[in-house]
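Report on the structure
Given next are the chains, with one letter for each unit.
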Amino acid sequence: MKYLSKLFLGLVVVLGFFACVKKVPSLSFYGNGTAPVLTASVNTVAPTASDSDNVALTLNWTYPKYATDSSNVKYTIEIDSSGRNFSNAVTYVVTDSLHTSFTAKELNNILLGFGFKYNQAYNVDILLISSYANNNERLSSNVVTVNMTPYVTPPKVTPPSTKELFLVGDATQGGWNNPVPVPRQQFSMIDSVTYAGIFKLNGGAQYLVLPLNGNWDNKYSVADNSVSGLSNGGAFGYNLSDNFPGPATTGWYKIVLDFQSGTFAVTPWTGTLPDSLFIVGDATDGGWNNPVPVPSQQLTRLNSSEFTVTLHLNGGKQYLLLPVNGSWDNKYAVADNTITGLSAGGDFGYDLSSNFPGPDADGTYKLTVNFALGDTGQFSLEKQ
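Procedures and definitions
All residue numbers refer to position in the chain's written sequence, counted from 1. Given that the model is predicted, a residue must reach a pLDDT of at least 70 before its local features are reported, and side-chain atom pairs must reach 80 or more before they are shown or counted; all residues, however, enter totals for whole chains, interfaces and linings. Only hydrogens and water are set aside when side-chain values are computed; all heavy atoms of the structure are taken into account. Put plainly, a pocket is an open set of points on a 1 Å grid over the protein atoms alone with protein on both sides within 12 Å along at least five of seven lines, a cavity is a set where a 1.4 Å probe fits but cannot get out, and a lining residue has an atom within 4 Å of a point. Grid points are joined across faces, edges and corners, and a volume is the space filled by probe spheres set on the points. Put simply, DSSP H or I for four residues or longer makes a helix, DSSP E for two residues or longer makes a strand, and each gets a number counted from the N terminus. In short, DSSP must find at least two bridges between two strands for them to pair. Lines are fitted to the C-alpha atoms to define the axes, a helix being fitted only along its stretch in contact, and any angle between axes, read from their N-to-C directions, falls within 0 to 180 degrees. Throughout this description, buried means an accessible area under 20% of the type-specific maximum (1.4 Å probe, protein chains only), exposed means over 50%, and partly exposed covers the range between. Pairing of N or O atoms within 3.5 Å defines a polar contact, subject to two protein rules: one partner must be a possible hydrogen donor and the other a possible acceptor, and residues neighboring in sequence count only if both atoms are side-chain atoms. We call two residues in contact when some of their heavy atoms are within 4.5 Å. Whenever a carboxyl oxygen of Asp or Glu lies within 4 Å of a side-chain nitrogen of Lys or Arg, that contact is scored as a salt bridge. The pLDDT value tells you how sure the predictor is about a given residue, anywhere from 0 up to 100. When two rings of Phe, Tyr or Trp (its six-membered ring) have centres within 6.5 Å they constitute a pair, described as stacked for plane angles under 30 degrees, edge-to-face for angles over 60, and tilted for the intermediate range. A ring is scored as having a charge over it whenever the NZ atom of a lysine or the CZ atom of an arginine sits within 6 Å of its centre and within 35 degrees of its normal.

**Digging into the layout of surface pockets**
Of the volumes computed, that of the largest pocket is approximately 530 Å³. Together, 18 residues line the largest pocket, and Lys117, Glu306, Thr368, Leu373 and Ser380 are the ones closest to its centre. Mapped onto the lining of the largest pocket, the elements with two or more residues apiece are β11 (188-191), β22 (306-313), β28 (363-370) and β29 (378-383).

As structure tokens, then:
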């Protein structure tokens, strides 16, 4: 009897233990989902400044079918110039929605941030990546390509109606003589709101920028040339009271005027600017014979930094640019002529190691070199 009592007591304890254990509910399991499909409302975006606040592009995508509430899903939109594989993408994050829109102004800021030129069309790739909020289970959509053209917003300073700018002052080699010597004291028009030039400046002097050579009626200038550091750059405007302060030291400088932002920049220039340029090589009809025939293979100087020539070139060949016709002592060339697409344009410099790569096919081409672009100069080759 005593044994049965102990057995009964043990059974009660065991049953009591299991009665106290709560059943754990089964854990939630989220599936892998499927890649979202991305679509764009348009294939081309080419707005004007008056469209700035209007919706220019709407993106829609399918739900990736994660086994969780849609509020736990995050969508990351990547936008980049085509061909860069999103290596320099601008990103936007969207939650709780299967679409988003961009105004013309928002897209314009993205395009200008890529360094795109005004009023020039570019292909832009767009990708959507879905994921859980913690970035797990990332699924990439298809890539959508939209052709986009950045527009010019009203600039802070009105650009010259003449589409020309000239440098005058005792900081220049021509002094305060007006008209100024051209082309060496004329700026290059980079785009509708940007002008640049390479000039030799005298230290400790001043200058003005004129929209019309030989005329003192109007000028671009600064409000107060005693502002510290203004010789390196700052704000400028139309018919303000003070001359630009020149650099402290005599030397070669690049001056860039940005009418969009109303600012200018002055930086020492380490390149070598020629008085003349000649093209030589088997890409030309004159071959590698030096001196080259002139004027057919001599570039025309357009302004302080820009030279151009239109001529027949042979496909699949190479060329160099010479500062002195008949001399091989110095040349303008490229660092590596195996770079894809370099025949159409890119960076060049003084006494670099490789010849310029010529075009693929025979034809008439316009060659333009501008020493104010890039670090020491950029060129472009366009078929006519």
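**Observations concerning the sheet that holds strand β3 (residues 55-61)**
With antiparallel pairing, 3 strands are arranged side by side in an open sheet as β1-β3-β6. Each edge of the sheet is formed by a strand with only one pairing partner; in this case those strands are β1 (38-40) and β6 (99-103). Recorded for the sheet is a direction-independent mean angle of 20° between the axes of neighbouring strands. The pairing of β1 with β3 spans 3 bridges and is classified as antiparallel.

**Comments concerning the side chain of threonine 368**
Summarising the element assignment, threonine 368 is placed in strand β28. The exposure class of threonine 368 is buried, given its relative accessible area of 13%. Within the structure, threonine 368 has its side chain in polar contact with the side chain of threonine 308 (distance 3.3 Å). With residues up to four places along the chain from it excluded, the contact list for threonine 368 reads Glu306, Phe307, Thr308, Gln378, Phe379 and Ser380.

**Notes on the pattern of salt bridges**
Across all of its chains, the model carries 1 salt bridge by this definition. Between aspartate 80 and arginine 84 there is a salt bridge whose closest N-O contact spans 2.6 Å. Overall, arginine 84 belongs to the partly exposed group, its relative accessible area being 29%.

**Section: the confidence of the model for the protein chain**
Interpreting fine coordinate detail is not advised for predicted regions of low pLDDT. Of the residues in the protein chain, 92% have a pLDDT of 70 or more, and the chain-wide mean is 92. Throughout residues 11-15 the model reports pLDDT below 50, and contacts reaching past four residues in sequence, or to other chains, amount to 0 contacts.

**Side note on the sheet that holds strand β12 (residues 194-201)**
Strand order in the open sheet made by the 5 strands is β11-β12-β18-β19-β15, with antiparallel pairing throughout. Edge positions in the open sheet fall to β11 and β15 (233-235), since each of these has one partner strand only. On average, each strand axis in the sheet is inclined to that of its neighbour by 20°, with strand direction left out of account. By the bridge criterion, 6 bridges tie strand β18 (residues 251-258) to strand β19 (residues 263-268) in an arrangement that is antiparallel. For leucine 257, the partnering residue across the bridge sits in β19 and is phenylalanine 264.

**Looking at the packing of aromatic side chains**
According to the stated counting rule, one finds 25 aromatic pairs in the structure shown. Aromatic pair tyrosine 332 and phenylalanine 348: ring centres 6.1 Å apart, planes at 80°, arrangement edge-to-face. With tyrosine 332 in strand β24 (residues 332-333) and phenylalanine 348 in the loop between β25 (345-347) and β26 (349-350), this residue pair connects regions lying 16 residues apart in the sequence. Accessibility classification places tyrosine 332 together with phenylalanine 348 in one group, the buried group. Ring centres of phenylalanine 348 and phenylalanine 356 lie 6.1 Å apart, and the angle between their planes is 50°; on these two criteria the pair is classed as tilted. Using a relative accessible area of 2% as the deciding quantity, one classes phenylalanine 348 as buried. Judged by relative accessible area, which is 0%, phenylalanine 356 ranks as buried. Among the aromatic residues, those joined into a cluster by ring pairs are Trp269, Phe307, Tyr319, Tyr332, Phe348, Tyr350, Phe356, Phe371 and Phe379. The positively charged end of arginine 84 is found above the aromatic ring belonging to phenylalanine 114, 5.1 Å away from the centroid.

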